[in-house]
There are 2 protein chains.
Amino acid sequence: MNCSTLGIGLAGFGTVGSGVWNTLQRNGVLITDRTGGSVELAVTGILVRDPAKARATAGDVPQDLFTTDWRSLVGNPAVDIVVELIGGTTDAFELVAAALRAKKPVVTGNKALLAERGTELFALSKEMATPIHFEAAVAGGIPIIRSVQDSFVGNRLHSLVGIINGTSNYILQRMTEAGLDYPPALGEAQALGYAEADPALDVNGWDAAHKAILLATLAYGFSIDPEKVHVAGIEQVRPIDIAFAKQLGYVVKLLAVIREHADGAIELRVQPSFIPKNHILASVNGVFNAISVVGDAVGEALFYGRGAGQDPTASSVVADLVEAARALRHTAGHRGFLPYRDSGTLLPVEETETAYYVRFDVTDRPGVIAEVAKILAESGIGISGTHSPVNPEAPDAEFVDMVFLLHTCKFGKLQAALAQVEALDCINSAPVVFRIEKL
Amino acid sequence: MNCSTLGIGLAGFGTVGSGVWNTLQRNGVLITDRTGGSVELAVTGILVRDPAKARATAGDVPQDLFTTDWRSLVGNPAVDIVVELIGGTTDAFELVAAALRAKKPVVTGNKALLAERGTELFALSKEMATPIHFEAAVAGGIPIIRSVQDSFVGNRLHSLVGIINGTSNYILQRMTEAGLDYPPALGEAQALGYAEADPALDVNGWDAAHKAILLATLAYGFSIDPEKVHVAGIEQVRPIDIAFAKQLGYVVKLLAVIREHADGAIELRVQPSFIPKNHILASVNGVFNAISVVGDAVGEALFYGRGAGQDPTASSVVADLVEAARALRHTAGHRGFLPYRDSGTLLPVEETETAYYVRFDVTDRPGVIAEVAKILAESGIGISGTHSPVNPEAPDAEFVDMVFLLHTCKFGKLQAALAQVEALDCINSAPVVFRIEKL
């Protein structure tokens, strides 16, 4: 191990905070392996409001990690990186600012904080030469921040258009599929935990707007005043609108649209929109998010995944922690990929299992199906269907195609059976095999 | 400008090489801005086979950049980073190895080289503490390498399943849509430049397999012997198979499947597959690629985009160049995001343009449509349709919904017209506006 451990201060131990804890516990060794031994992370402090409650819900967390004083978390010499997950724009602001002033990199998922007060925080980040990472602030586990910032760094970005509020998207989907009116669809989302008790920011469009402001700032480089952004939510959507959209070939989605115009002006708006039902964004359902990015080099690229939730958001927080840790530990670092295991096991293809479609070229005579079916049965392979389509151009052809649909079995078993089938007189060529994937 | 320029040696100046040149010319200033002034890239040498031909086709390239000797390119003290785009696994191997030995980071899009000889090259990369970057080797402009390596570093990856050969995908799509047999569909792909004159690696599955081997190595950390990978191509697909799949609710795709089993064994295979027609991968058409990644934290995430071509591939090469340059120039670096422009222009929402769907709550009496239509006409806003659905539960209701579909116009013009409409006696509430997005 050529690394020394970096200490993480978790400010907030709710859904996402405990997800980060769990992910680091579960995959900490893997993370160290995958970074070539250069990154080892340990949680060295946790800020909570109520230590008694935290102790009750977090069985495996050492009690002495908890504190109720954010200043002591940020000031703790064992804390190298601060993760802000307390939400809001006041205490969170103080905490993030204090961490930056202490030259401790910050990882946050707080889109409201950065959209409303990012100008101040980024200025402080620059002054202190200490980064703020915020992959978790937009679209949960989807790596859209890093992709826009790093992967598309060589692109002039023409547009970013996306579905970036899962709660609204779930409500609209239920209104579309089940014909629900808005209040019961919202109630359902709340019952499932997809919407907060106070769902205002989700349904009025401002959660999506905060994310869109961050994306636009990333893509175009300047701070954007939230007051100048046009935002409409889904509260006014009625079943009649959805029915009408459907009749016209559209689907209703809450869409965030960011677009650069020829004169350099940036269009940025969030509102319920009709989008063509065949567009890939139209098939983004439930609490999933998707963002379509168009750049002058990359063309169109689309990112799709879970836009919220404990584990997906934790996935992004942990990625940012590794990024921050690498920068802190950077010496003569090797940032490219290296294999990190001497060997691993490749599953022999014979052991892989799917269902199959198999086509044979057969001589058309009575008994063919019976002969093939017998071999398959003796091999223990189930047949879910068989078909021998008549060639309309040659209905009396001597040689025909015959198709078998086979139940899931190991490929090795199939190969052995097919070798026997191939040896039959009536089979004229090697069978052609397609996998039937469940996905 | 707080940076000194880094020199790029481009080995190969075909489609992708000239795309990289063009992208750096077009967006060089933007790249420097977006990296906070820390990265300035300049091409300082170009390896070509035939300088006369290169001069003829590359009008704006200074002649003295060209060389036909790869040793002089790699040894050129003005070359800090080497981009390998010559293809193949012999000369390319020598060139990449020489660059690593000279401690010059390498950027390559050569999937065959890394899949066949990656073990040797990664060992050398480690020994020399000099990275190989290869985002361009898998799925063109889609940032799948960086996402798997960095964004999902905290995940145990359960599977990566994707369509990663655009040529095969185009051929299968044409067979599906136009009912073509394999040879004419291949011919069409060749005529459009989607398939090489020798399409073997594309259609026999090995191009996809090379990419899958790289993805599996990234995800699971060990080198994979290509000889142990099960690969089948699309040459044996017939219209009958596609028709049969359709009848069963499937679509035929050439699928790369990588999956970790509970015992740690890695399943890795490429073959024509039936996938459910409603799965998002089924709607990936033409030369597009898509990869679905499932991790224990992130859940399912999907990446979609152009899998090949000059500019998308150049986008990935340039991203890797910036990554390599940042590592070379890293001092007390700031790897987080910072706004890089003091200000920018947000397009006033009044200036944004789309078509619209507008719903009014109206008092149902003769003349309502005429009154609203008159205001819209006087405002210069075209109506593409209007509808007043009868409420089946109250067919004689006094208050009804009325819907207008409006042609594209500026939002400010719409707002002004709607203010007039709202003032009409027969209009009972503020109109509800949805954007109709073309996408």
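All figures in this text were calculated on a predicted structure; none of them were measured in a lab. Sequence order sets the numbering: in each chain, residues are counted from 1 along the sequence as written. To label them, take the chains in the order written and letter them from A, then take the ligands in the order written and number them from 1. This being a predicted model, a pLDDT of at least 70 is required before a residue's local features are given, and a value of 80 or more before pairs of side-chain atoms are given or counted; all residues contribute to the totals for chains, interfaces and linings. Hydrogens are left out, water is left out, and the side-chain values use all remaining heavy atoms of the structure.

S.K.: Which parts of the structure should I look at to understand the overall build of chain A?
M.R.: Within chain A, the regular secondary structure consists of 14 helices and 16 strands. Here the C-alpha atoms of chain A give a radius of gyration of 28 Å, more than 25% beyond the 22 Å that 2.2 N^0.38 yields for 439 residues. Along the first, second and third principal axes, the C-alpha set of chain A runs to 85 × 60 × 50 Å. To sort residues, take the accessible area from a 1.4 Å probe on protein chains only and compare it with the maximum for the residue type: under 20% means buried, over 50% means exposed, and anything in between is partly exposed. Per-residue burial over chain A gives 58% buried out of 439 residues. When checking whether two residues touch, look at their non-hydrogen atoms; a contact exists if any pair is within 4.5 Å. Contacts spanning at least 24 positions in sequence make up 71% of the contacts within chain A whose residues lie at least 6 apart. To be clear on the numbers: accessible area is Shrake-Rupley with a 1.4 Å probe, and residue cover counts the displayed protein chains and nothing else. Carbon together with sulfur atoms contributes 50% to the accessible area of chain A, which is approximately 16,700 Å² in total. Counting rule applied: Lys, Arg positive; Asp, Glu negative; His and chain ends not counted. Charge positions are represented by NZ for Lys, CZ for Arg, CG for Asp and CD for Glu. A distance of 5 Å separates the average location of the 35 positive side-chain charges in chain A from that of its 49 negative side-chain charges. Numbering of helices and strands starts at the N terminus; helices are DSSP runs of H or I of at least 4 residues and strands are runs of E of at least 2. Throughout, radius of gyration means the C-alpha value; the globule benchmark is 2.2 Å times the number of residues raised to the power 0.38.

S.K.: I'm lost on the environment of Val-368 of chain B in this one. Help?
M.R.: All names here are of chain B. Residue position: Val-368 is located in helix α13 (residues 368–378). Val-368 sits 149 residues away from Ala-219 along the chain, and the two C-alpha atoms are 63 Å apart. Beyond its immediate chain neighbours, meaning those up to four positions away, Val-368 contacts Val-362, Thr-363, Met-402 and Cys-426.

S.K.: Is there a simple way to explain helix α4 (residues 91–101) of chain B in this structure?
M.R.: Quick reminder: α-helices carry 3.6 residues per turn. Residues three or four places apart thus point the same way. Residues and elements named next belong to chain B. Taken across its 11 residues, α4 has 8 buried, putting it largely inside the fold. Turning to α4, its buried residues number three or more, namely Ala-92, Phe-93, Leu-95, Val-96, Ala-97, Ala-98, Ala-99 and Leu-100. Immediately beyond the C-terminal end of α4, within one or two residues, lies Lys-103, with a positive phi of roughly 60°.

S.K.: Sorry, what's going on with the relation of the copies chain A and chain B here?
M.R.: Between the two copies of the chain lies a rotation about an axis combined with a shift along it. The copies were overlaid by least squares, fitting only the C-alpha atoms of residues that reach a pLDDT of 70 or more in each copy. Laying chain A over chain B is done by rotating through 180° and shifting 0.0 Å along the axis; what remains is an RMSD of 0.0 Å. When the rotation and shift are considered jointly, the pair of chain copies conforms to a two-fold rotation axis. Closest to the rotation axis within chain A is the C-alpha of Phe-303 of chain A, separated from it by 2.4 Å. Of all interface residues in chain A, 100% are interface residues in chain B too; the two copies therefore contact each other through one and the same surface.

S.K.: What is the right way to look at the side chain of Glu-267 of chain A in this model?
M.R.: Checked against the element boundaries, Glu-267 of chain A lands in strand β10 (residues 266–276). Overall, the relative accessible area of 2% leaves Glu-267 of chain A in the buried class. Distance and chemistry together define a polar contact, namely a pair of N or O atoms within 3.5 Å, with one atom able to donate a hydrogen and the other to accept it when in protein, and with adjacent residues in sequence counting only for side-chain atoms on both sides. Reaching out from Glu-267 of chain A, the side chain makes a polar contact with the side chain of Arg-269 of chain A at a distance of 2.6 Å. Excluding residues that lie within four positions of it along the chain, Glu-267 of chain A makes contacts with Val-257, Ile-258, Arg-259 and His-261 of chain A together with Leu-347 and Thr-352 of chain B.

S.K.: So what exactly am I meant to see when it comes to the pattern of salt bridges here?
M.R.: Close approach of charged atoms allows side chains with opposite charge to pair. Just to be clear on terms, a salt bridge is a Lys or Arg side-chain nitrogen sitting within 4 Å of an Asp or Glu carboxyl oxygen. Enumeration according to the criterion identifies 30 salt bridges over all chains in this entry. Across the pair Arg-26 of chain A and Asp-296 of chain B runs a salt bridge, and its minimum N-O distance is 2.8 Å. Linking Arg-26 of chain A in helix α1 (residues 15–34) with Asp-296 of chain B in the loop between β11 (288–295) and β12 (299–306), this pair reaches from one chain into another. The exposure class assigned to Arg-26 of chain A is partly exposed, which follows from its relative accessible area of 39%. The residue Arg-359 of chain B makes a salt bridge to Asp-241 of chain A at a minimum N-O spacing of 2.5 Å. Of the two residues, Arg-359 of chain B sits in strand β13 (residues 353–363) while Asp-241 of chain A sits in helix α11 (residues 239–247), which places them in two different chains. Overlapping salt bridges bring together Arg-146, Asp-320, Glu-323 and Arg-326 of chain A together with Asp-150 of chain B as one network.

S.K.: I'm lost on the packing of aromatic side chains in this one. Help?
M.R.: Two descriptors summarise a pair of aromatic rings, namely the distance from one centre to the other and the angle between the planes of the rings. Pairing of aromatic rings covers Phe, Tyr and Trp, the last counted by its six-membered ring, and requires centre-to-centre distances within 6.5 Å; plane angles under 30 degrees mean stacked, over 60 mean edge-to-face, and any other angle means tilted. Inspection of the entire model under this criterion finds 29 aromatic pairs over all chains. Centre to centre, the rings of Phe-288 of chain A and Tyr-304 of chain A are 5.0 Å apart; their planes meet at 5°, and the pair counts as stacked. Separated by 16 residues along the polypeptide, Phe-288 of chain A in strand β11 (residues 288–295) and Tyr-304 of chain A in strand β12 (residues 299–306) bring together distant segments of the chain. Like Tyr-304 of chain A, Phe-288 of chain A is buried. Aromatic ring contacts, followed pair by pair, group Phe-244, Tyr-250 and Phe-274 of chain A together with Tyr-357 and Phe-434 of chain B into a single cluster. A ring is considered to have a charge above it if a Lys NZ or an Arg CZ atom is located within 6 Å of its centre and within 35 degrees of its normal. Above the plane of the ring of Phe-93 of chain A lies Arg-117 of chain A, whose end atom (NZ or CZ) is 3.6 Å from the centre.

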